Amino acid sequence: MTKSIVPAKLNESNDKLILLDQTLLPESEKYLELDTKEGVWEAIKRLSVRGAPAIGIAAAYGLYVCLNKVETDSVAELEKEMKEVSDYLATSRPTAVNLFWALKRMEKRFEQEKAEDKNVEAIKAALLEESDEILKEDQEMDIAIGEHALTLLEPGMGLLTHCNAGGLATSGYGTAEAPMYLGYDKGYDFKIYADETRPLLQGARITAFELYKAGLDVTVITDNMAAQVMKEGKIDAVLVGSDRIAANGDAANKIGTLGVAILAKEYGIPMYFLAPTSTIDLETPTGDDIEIELRDPEEIRNGFGRRTAPKEVKAYNPAFDVTPTKYITAIITEKGIVEAPFKENIEKLFKD
Ligand SMILES: CSC[C@H]1O[C@H](OP(=O)(O)O)[C@H](O)[C@@H]1O
């Protein structure tokens, strides 16, 4: 299946995290080489790497490269370092659950190895294996998401997406963009409309970049055009990603998604959230319990170094919003398509 660049991986010698710096897209494709917790934290905070699954993959590899540098024979000392690095990376961004899911998974693997009396070198090797598995599993989950989603779509459809839930937000295939890539391979000639997605323009800068580079038919629109393209009959389905899905199905995604979902309901257009089950957080009961990241107001007033509002004027910059299930047609995961009643069907998903 067609895919984009893999945004987060290790270098050849497995001692540095290699990240495509997405803040520079679409003008340049430059890579960061990181091996400190501060460098990885900063890359996540400034969205050099972004998108829930990609953040989880970067955090897992970042934790590994930091521990790989620790010169000790003491498992206790390595464990102390692991908790320090993991707790630090967990403070980078609060909304995407995959960050915390990946870090907890690495910590769990450490505990398993320690319980089997493995030495420091064996534990480091196990953490490398775990982070590779997180990447590989995400690629497999995205392909499965694409296959499930494609059963709901038809050739020639107009698809609207918001922000970027493509290969650059994941492990190369994307979630919302996975059926677009799979459809492209099957000759489905989807017409894709990408909301530019202010203030950081992930749709214009990243979705349009990766889909165009892969040869797909993509059109950028400004965020305030979504209603017009729906009214003109250009949109047959909306496909978006998610950063955290609560146990009842409420879904957090990039700011502006809620507005798109309300418009889609008004125009009778299906609204699909596509995400791996690693994005569903059973510990978060409802969307009201999801912490929404507030970012620097300068991203609005002075985006990309162009002042568009006086520095003295207040600006409010929540990076995400939450779409309640009444506006969601289906949540598409690698395990299948979840429809209402969402809470019950999510429980079943995790039982099966
Ligand atoms: C496949 S998750 C993508 C998800 O992450 C984006 O947020 P950000 O660019 O701030 O990391 C956005 O909400 C996307 O839908």
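By convention here, each chain's residues receive numbers from 1 onward along its written sequence. Given that this is a predicted model, residues contribute local features only at a pLDDT of at least 70 and side-chain atom pairs are listed and counted only at 80 or more, while totals for whole chains, interfaces and linings are drawn from all residues. The side-chain quantities take in all heavy atoms of the structure and omit both hydrogens and water.

1. What to know about the side chain of asparagine 248
Phase 1 of the analysis: Helix and strand definitions here come from DSSP, where helices need a minimum of 4 consecutive H or I residues and strands a minimum of 2 consecutive E residues; each element is numbered from the N-terminal end. Positionally, asparagine 248 belongs in the loop between strand 8 (244-246) and strand 9 (251-254).
Phase 2 of the analysis: A 1.4 Å probe rolled over the protein chains alone gives each residue an accessible area, and that area as a share of the maximum for its type sets the label: buried under 20%, exposed over 50%, partly exposed in between. By relative accessible area, asparagine 248 is classed as buried at 18%.
Phase 3 of the analysis: Of note is the side chain of asparagine 248, whose polar atom sits 3.0 Å from the side chain of aspartate 250.
Phase 4 of the analysis: When sequence neighbours within four positions are dropped, the list of residues in contact with asparagine 248 reads Pro285, Thr286, Gly287, Thr325, Phe342, Lys343 and Ile346. Any pair of nitrogen or oxygen atoms within 3.5 Å is treated as a polar contact; in protein, a donor-acceptor pairing is required on top of that, and neighbouring residues in sequence qualify only through side-chain atoms on both sides. Contact criterion: two residues are considered in contact whenever any of their non-hydrogen atoms come within 4.5 Å of each other.

2. Brief notes about the UniProt feature "site: Transition state stabilizer" (unreviewed entry) in the protein chain
Phase 1 of the analysis: UniProt positions are given in the numbering used here, feature names are shortened, and annotations may be inferred rather than shown by experiment. According to UniProt, the positions carrying the feature "site: Transition state stabilizer" (unreviewed entry) are Cys163.
Phase 2 of the analysis: Examined against the element boundaries, cysteine 163 turns out to sit in the loop between strand 4 (158-161) and helix 6 (178-185).
Phase 3 of the analysis: Relative accessible area serves as the criterion here: at 7%, cysteine 163 is assigned to the buried category.
Phase 4 of the analysis: What cysteine 163 contacts, discounting residues up to four positions off in sequence, is Arg50, Asp195, Thr197, Gln202, Gly203, Thr207 and Lys254.

3. Some thoughts on the sheet that holds strand 14 (residues 336-338)
Phase 1 of the analysis: One open sheet holds the seven strands; their spatial order is 6-5-4-7-10-13-14, and the pairing between them is mixed. The two strands at the open ends of the sheet, each matched to only one other strand, are strand 6 (217-221) and strand 14. This sheet shows a mean twist of 25° between the axes of neighbouring strands, independent of strand direction.
Phase 2 of the analysis: Here, any two strands with at least 2 DSSP bridges between them count as paired. Judged from the two bridges that link them, strand 4 and strand 7 (residues 237-240) form a sheet pairing that is parallel. Axis lines are fitted to C-alpha atoms, over the contacting stretch for helices. Their N-to-C directions set the angle, which ranges from 0 to 180 degrees.

4. Details of the site of the ligand
Phase 1 of the analysis: Taken together, the neighbourhood of the ligand is formed by 18 residues, with Arg50, Arg93, Asp243, Asn253 and Lys254 sitting nearest.
Phase 2 of the analysis: Arginine 50 has a polar side-chain atom sitting 2.7 Å from an oxygen atom of the ligand.
Phase 3 of the analysis: Surface exposure here means Shrake-Rupley accessible area, sampled with a 1.4 Å probe, where a residue is shielded only by the protein chains that are shown. Expressed as a share of its isolated accessible area of 400 Å², the protein-covered part of the ligand is 100%.
Phase 4 of the analysis: One can see that the ligand is located within the largest cavity.
Phase 5 of the analysis: Secondary structure elements with two or more residues in the shell around the ligand: helix 2 (52-68) and strand 9.
Phase 6 of the analysis: Three classes are used, and their members are as follows: Ala, Val, Leu, Ile, Met, Phe, Trp, Tyr, Cys and Pro are nonpolar, Asp, Glu, Lys and Arg are charged, and the others, Gly among them, are polar. Within the shell around the ligand, the residues separate by chemical class into seven nonpolar, seven polar and four charged.
Phase 7 of the analysis: For every domain, the bounds stem from an assignment made automatically or drawn from a database. Inspection of the shell around the ligand shows a minimum of three residues originating in each of domain 1 (8-142) and domain 2 (143-351). Proximity is defined per residue: if any heavy atom of the residue lies within 4 Å of a molecule or strand, that residue is considered near it. Buriedness of a pocket was judged along seven lines, with at least five required to meet protein on both sides within 12 Å; pockets are open sets of points on a 1 Å grid over the protein atoms alone, cavities are sets where a 1.4 Å probe fits but cannot get out, and lining residues have an atom within 4 Å of a point. More than half of a molecule's atoms lying within 2 Å of a cavity's or pocket's grid points is what places that molecule inside it.

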